[in-house]
Structure formats: structure tokens, C-alpha cells
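# Understanding the architecture of this molecule
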Amino acid sequence: MIQRIQTVYYLIAVALLTWVSLGQQIVSFHIESSSHVETVELALNSLGVNAEAKLILTEEEIHEFEQHITSTGAQFSVEDSMLKWKNSIPVFILFAVIILLTLIAIFSFKNQKRQLRLGRIAFLLNLLVTAGIFILILIIPSQLSETASQFMMDDDVISSRYLGLGFYLLCASIPFIFLGNIGVKRDLDLLKSLDRLR
């Protein structure tokens, strides 16, 4: 039935994933030179990557940097010695797929086998997306430090990362989908035991 506890768990997971997919910041990286003159700020949310950099570059270097950034498909602009670029990575499509699978699982309460199968697929997709983002969080700072030290005048580059609310919401949705799957499995076991009694 739709008023079972697994529906509550699934709805909480849908609410958390919807919040993340509306553009909540997942992670941000901050890179600066030791003299604090040049900085690079990079933020990842479900809608893409936003970056701002304050670099001391010549016009030729800015043009070369612009060509490099626009070759990746990003939008690039220069405002008051601030280089800004934005790249749309459709991460929200993955969140939308997970949300849709979970919603379909909620409304498949008459067919528990399909409900469990959809819940498991949503759980695995959510786990894979979270693991992928976690791996990126571990890899990106070292890559950014190397790239930034090439463009910054200073060889001593300080790199830091900040996990946003979106990352924690994404991690919090995993146990709720799992608990919903446990509830569906209990219903299936109950139905099987009732069939044996008949």
C-alpha cells in the first residue's frame, strides 16, 4: 500500500535529491598563491561548474587561456581583471533519473517485485553518482594546483576544498533509499509466508 513506511523513506530521498538537483553547491575549490594576489575559485553544483580567477596575465596569455577554456565548451568572460567561465555539466540529469526511478517505485506498490527492482536500481545509481563525485573531490585539487601554478606567477600554490550542503544531502539520500528497499523486501517476505500458510 502507498501508506507503508517505505513510501516515507522513498519520499524523503526524493525530497533530498530534488533539493540537490535545484543547484545546491556540492563542492568548491579555492586556490591561491602564497602572496594572495592571484586566486582561483571553482564551484560544482548539479547545473555545472562555475569558476572565477583573478590572475595577472598579459593580453596574449588571456587570449590563450580563453581559447583553451572555450575549446572545452565553456562560456568565458573577462571583467575587471577577473576571468570567469562556466561549463554546463548535466549532472542534474542523473539526479532526475534517480528521482524518477524512486517515484515510480513509490507508485508501484501493487507489484512489490518491480518496486524492489526499481528501488535497487535507484540505490545503485545514487551510490555510483556519490562515489564518482567523491573520487572527483579527491582528484581535482592536485590537478588544479598543477594547472594553477602554471598560470600564477608564484610556484607556491595553496589549495583547499569545501564540501557544500549538496554533497551531504546526496549522501543522506542513500540510506533512505536503502531503508525503503528493506521495507519492500519485508512486505515481499510477508506475502510469501502468507502464501505458504494457504
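Residues numbered from 1 in each chain as written. Predicted model: local features only at pLDDT ≥ 70, side-chain atom pairs only at ≥ 80, totals over all residues. Heavy atoms only, no water.

Before going further, it helps to spend a moment on the nonpolar core. If you look at the biggest cluster of nonpolar residues, it comprises 42 residues, and the most contacted ones within it are L17, F95, I133 and I177. Listed by contribution, the elements that provide at least two residues to this core are α1 (5-21), β1 (25-33), β2 (39-45), β3 (48-54), α2 (59-70), α3 (91-106), α4 (112-151) and α5 (165-197). For this core, the element with the highest residue contribution is α4, accounting for eight residues. Beyond its immediate stretch of four places on either side in the chain, L17 contacts F95, I98, I99, N126, L170, S173 and I177. (Core = buried A, V, L, I, M, F, W, Y, C linked by side-chain atoms within 4.5 Å. Buried < 20%, exposed > 50% of the residue type's maximum accessible area, 1.4 Å probe, protein only. Helix = DSSP H or I, 4+ residues; strand = E, 2+ residues; numbered from the N terminus. Contact = heavy atoms within 4.5 Å.)

Put simply, α1 and α3 touch, their axes get as near as 9 Å, and they point 160° apart. Comparing their axes, α3 and α1 come out roughly antiparallel. Handedness of the α1/α3 crossing: left-handed. Side by side, α1 and α3 meet where T7, Y10, L11, V14, L17, T18, V20 and S21 of the first sit next to F92, F95, I98, I99, T102, L103, A105 and I106 of the second. Along the lines of polarity and charge, the residues of the contact of α1 with α3 split into 12 nonpolar, four polar and no charged. (Axes fitted to C-alpha atoms, helices over the stretch in contact; angles between N-to-C directions. Parallel < 35°, antiparallel > 145°, perpendicular 65-115°, else oblique. Left-handed = near helix turned anticlockwise from the far one by under 90°. Nonpolar A, V, L, I, M, F, W, Y, C, P; charged D, E, K, R; others polar.)

By the secondary structure assignment, E41 is in strand β2. Linking E41 and S28, residues 13 residues apart in sequence, is a C-alpha distance of 7.3 Å. Setting aside anything within four residues of it in sequence, one finds E41 in contact with S28, F29, H30, N50, A51 and E52.

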